Amino acid sequence: MSLSKEEVRHVALLARLGLDDDQIERLEGELNAILDHINQISQLDLDAVEPTTRSIPVVNAMREDVVRPGFDREMALLNAPDREDGAIVIPRIVGPGGGDQ
Amino acid sequence: MAKDRLTEVLERYEAVIGLEIHTEITATNTKMFCGCPVEFGGEPNSRVCPVCMGMPGALPVPNKAAIEWTVLAGLATECKIAPWSQFHRKNYFYPDMPKDYQISQYDLPFCADGRVVIDVDEDGVEERLDRETADNVTITDDGYAAEIGITRIHLEEDTAKMIHIGGAEGRIAGAKKSLVDFNRAGTPLMELVTEPDLRTPEEARRFAQKLRLIWLALGVSDCSMEEGSMRVDANISLRNHGDTELGTKTELKNINSFKSLHDGLAYEIVRQAAILDEGGRIIQETRHYDVTSKVTSALRSKEEAHDYRYFPEPDMVPFQFDEAFVARIRERLPELPDARKARFIREYGLPTFDAKVLTSDHEMVEFYEEAVAAAGVKNAKAVSNMVLNDLSAYLNTSGLGVLETKVSPQHIAELVGLIDDGTISSKQAKEVFTFMTESGDMPAAIVEQKGMKQVSDAGAIESVVEKLMVQFPDKVAEYQGGKKGLIGFFVGQVMREMQGQANPQVVNQVLADKLDNA
């Protein structure tokens, strides 16, 4: 399995990274090196090995349902480039995206 | 749209419908991953913190209560609770989610493989043409019941609320700019996904209504479709009867009422059928149902398919829930609507119809239970009559909700008690009821104040009857000559003489006695 330049461009778009042709070229090599490494691991018989997604053997870390102070409103809006009635103003939404909410 | 058009289409095509229902958990004090309060409305960005605004370095910690509510919701819909579960990151760029990912669940949700039974009656029955033969359908006295599979229930965080300025109807198309409010961001959000087991718009509506009733019985959410705490999306495709492959589906989004869910699906079924009839192809797309024009239209088409690149949320450890944990949550299960309906029939002796209507409205059924508790089980049917007739009629004409009137369950119980012990007649009770809705005074006080007490004293009634017999000798003769129906005339006269305060049963007895033996 290896990535084409087109796929690298697609991944860059998903990550909203603006890359020029040189960068695409370089990343194609780097990403394929990583994929080669994964492919090597895939050759091994790992049926008996649990997937490792975390390095600590801890489960059920939760917090109690207790209110804690958050931002005051001025602080919350401090970095907003523009605001209106306490809401953050964003420019017209263009292009693909959006969740399924 | 004409109903028979839908039926005609359903005769030729089978509709396959699945629902995705998002419900905000409004029962928790705080948001899913931070300690900000969960409330509706308020000044924009007044309940926010670094976690729910997605500030770099902020560390989300899952809310134990929200997870327990989700497990409870799973148990109420007969789901299996996963012994091993975890959160995933769902990656996408949109201003309602400034981390650029939503913390959600992917292949290891908390609940999976459940079921909900829906009841369909009245007009909706005819839409299901294969009801006699379908595997998941049971015919009932007044329609049919259908078992609908639940694929999964997972937990995620709600997004920020956006208001689009400059476009039509606040929609994004044509908007010049948008306003973002993070108060809603991070609210615990349950997503329930059904199997594609629904076959008619009516079944979809009944499912959503049933689920809402279950959630309300649990108390997990206020389930307000207007305020957006319950949001229904529907997938719909058509295929030929007997086919097992699914057709190409469209998705209906932004449905804000049960009626729109039904009507939007009905429209979509007819629309898709028209395309297929002409040999056309259905385009897989998201559509919006507009309640004013009563049509669906495509939302701005996505220029590329979603590629969410889910991966395990590295900020959180997994969850391992043992049977003891699940058993402890199971103890919190309240009586669910179906069980309550059965109990009303069994223990209160209510007709199926009463039990069904009462349990189809959460506020109404709670009101009813409270009134029965005060009036006693022996008066359960009388309370049901008063709630379903007098109170419902008043709610209809006044436009008020059950909890918005001056009439409390205690009012109803006391009024039923006054009829039960013979203090007033049912007819007088209707007057008392009207006074009650206006003043909020207790029925006993109204009866006292208006001097409405029923006269059950046979002696007093006898003297009125004797007077009338002298006054109407012709009628007495006719009655005695066999025109027994004239008793109604005499009852009316007695009531008029006694300003409606005579006990009708005693009046009937006295009249029969006097007229027959005169």
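Residues numbered from 1 in each chain as written. Chains lettered and ligands numbered in written order. Predicted model: local features only at pLDDT ≥ 70, side-chain atom pairs only at ≥ 80, totals over all residues. Heavy atoms only, no water.

**Here we look at the interface of chain A and chain B**
- With 42 residues of chain A at the contact, the number on the chain B side is 69 residues.
- Summed over both partners, the interface of chain A with chain B buries about 4600 Å², with 55% contributed by carbon and sulfur atoms.
- For the interface between chain A and chain B, the tally reads three salt bridges.
- The partner of Lys64(B) in a salt bridge is Glu64(A), with the nearest N and O atoms 3.4 Å apart. (Contact = heavy atoms within 4.5 Å. Buried area = accessible area lost by both parts, 1.4 Å probe. Salt bridge = Lys/Arg side-chain N within 4 Å of Asp/Glu carboxyl O.)

**Regarding the state of the cysteines**
Residue and element names in this part refer to chain B.
- According to the stated counting rule, one finds zero disulfides over all chains in the structure shown.
- Cys79 supplies the cysteine sulfur nearest to Cys111, a cysteine that is in no disulfide, at a spacing of 5.4 Å.
- Exposure remark for Cys111: the relative accessible area of 0% places this residue in the buried category.
- Not engaged in a disulfide, the cysteine Cys223 finds its nearest cysteine sulfur in Cys111; these two sulfurs lie 15 Å apart.
- Classification of Cys223 as buried rests on a relative accessible area of 1%. (Disulfide = S-S within 2.5 Å. Buried < 20%, exposed > 50% of the residue type's maximum accessible area, 1.4 Å probe, protein only.)

**Topic: the pattern of salt bridges**
All names here are of chain B.
- In this structure the tally under the stated criterion is 54 salt bridges over all chains.
- Ionic pairing is found between Asp121 and Arg206, a salt bridge with its closest N-O pair at 2.9 Å. With Asp121 in strand E6 (residues 111-121) and Arg206 in helix H3 (residues 201-218), the pair connects residues that are 85 residues apart, well separated along the chain.
- Residue classification places Asp121 among the buried residues on the basis of a relative accessible area of 9%. (Helix = DSSP H or I, 4+ residues; strand = E, 2+ residues; numbered from the N terminus.)

**Considering the confidence of the model for chain B**
- Per-residue pLDDT for chain B has a mean of 92; in total, 97% of the residues score no lower than 70.
- For this predicted complex, the interface confidence comes out at an ipTM of 0.87, alongside a pTM of 0.87. (pLDDT = per-residue confidence, 0-100.)

**A closer look at the packing of aromatic side chains**
Residue and element names in this part refer to chain B.
- Under the counting rule described, the total for this entry stands at 15 aromatic pairs over all chains.
- Judged by centre distance (5.2 Å) and plane angle (80°), the rings of Phe33 and Phe87 are edge-to-face. Here Phe87 lies in the loop between strand E3 (84-85) and strand E4 (88-91) and Phe33 lies in the loop between strand E1 (13-24) and helix H2 (64-76), a separation of 54 residues in the sequence. Of the two residues, Phe33 and Phe87, neither departs from the other in class, the shared state being buried. (Phe/Tyr/Trp six-rings, centres within 6.5 Å; stacked < 30°, edge-to-face > 60°.)

**Details of helix H5 (residues 323-330) of chain B**
Residues and elements named next belong to chain B.
- When we look at burial in H5, the residues that qualify are Phe325, Val326 and Ile329. All buried residues of H5 project into a common sector of 95° when viewed along the axis, lining one side. Exposed positions of H5 whose direction lies more than 90 degrees from the buried face are Glu323 and Ala324.
- Each element contacted by the buried residues of H5 is listed here: H2 and strand E2 (80-81). (Arc of directions from axis to C-beta.)

**Concerning the sheet that holds strand E10 (residues 177-181) of chain B**
- Strand order in the open sheet made by the four strands is E1(A)-E2(A)-E10(B)-E9(B), with antiparallel pairing throughout. What marks the edges here is a single partner per strand, and that holds for strand E1 (83-84) of chain A together with strand E9 (161-165) of chain B.
- In this structure, E1(A) lies alongside strand E2 (residues 87-91) of chain A, joined through two bridges in antiparallel fashion. Considered in E2(A), the bridge of Arg83(A) is made with Ile88(A). (Pairing = 2+ DSSP bridges.)

**Here we look at the environment of Lys249(B)**
All names here are of chain B.
- Along the chain, Lys249 turns up in the loop between strand E12 (230-240) and strand E13 (250-255).
- Sequence separation of Lys249 and Ile236 is 13 residues, and the distance between their C-alpha atoms is 5.2 Å.
- With near-sequence residues (within four places) excluded, Lys249 lies in contact with Asn235, Ile236, Ser237, Ile283, Gln284 and Glu285.

**Quick notes on the pairing of E12(B)**
Residue and element names in this part refer to chain B.
- When you tally the buried positions in E12, you get 10 out of 11 residues, the bulk of the element.
- Pairing of E1 with E12 involves 11 bridges; the strand directions are antiparallel. Looking at the pairing, His22 lines up with Arg231 of E12.

**Considerations on the nonpolar core**
All names here are of chain B.
- One finds Leu19, Phe87, Leu155, Phe207, Trp215 and Leu261 to be the most contacted residues of the largest nonpolar core, which totals 96 residues.
- Non-local contacts of Leu155, meaning those with residues more than four positions away in its chain, are made with Ile25, Met32, Ala66, Ile67, Thr70, Phe87, Ser104, Gln105, Phe110, Pro188, Leu189 and Met190.
- Core analysis: the next-biggest nonpolar cluster, separate from the first, contains 35 residues, Val365, Ala380, Val402 and Val416 among them. (Core = buried A, V, L, I, M, F, W, Y, C linked by side-chain atoms within 4.5 Å.)

**Remarks on the environment of Val317(B)**
- Structurally, Val317(B) is set in the loop between strand E16 (311-312) and strand E17 (319-320).
- Exposure remark for Val317(B): the relative accessible area of 12% places this residue in the buried category.
- The spatial distance from the C-alpha of Val317(B) to the C-alpha of Asp421(B) is 64 Å, given a sequence separation of 104 residues.
- Ignoring sequence-local partners within four residues, the contact set of Val317(B) consists of Arg54(A), Ile56(A), Val58(A), Val59(A), Asn60(A) and Ala61(A).

**What to know about the side chain of Asn379(B)**
- Mapped onto the secondary structure, Asn379(B) falls in the loop between helix H8 (362-375) and helix H9 (380-398).
- For Asn379(B), the contacting residues outside a window of four places in its chain are Val416(B) and Asp420(B).

**Details of unusual backbone geometry**
All names here are of chain B.
- The backbone of Glu78 shows a phi angle near 60°, a positive value even though the residue is not glycine.
- Turning to its location among the elements, Glu78 is positioned in the loop between H2 and E2.
- The partly exposed category is assigned to Glu78, whose relative accessible area is 45%.
- At Lys294, a position not held by glycine, the phi torsion is positive, near 60°.
- Secondary-structure assignment places Lys294 in the loop between strand E14 (286-290) and strand E15 (295-298).
- Given a relative accessible area of 47%, Lys294 falls into the partly exposed group.

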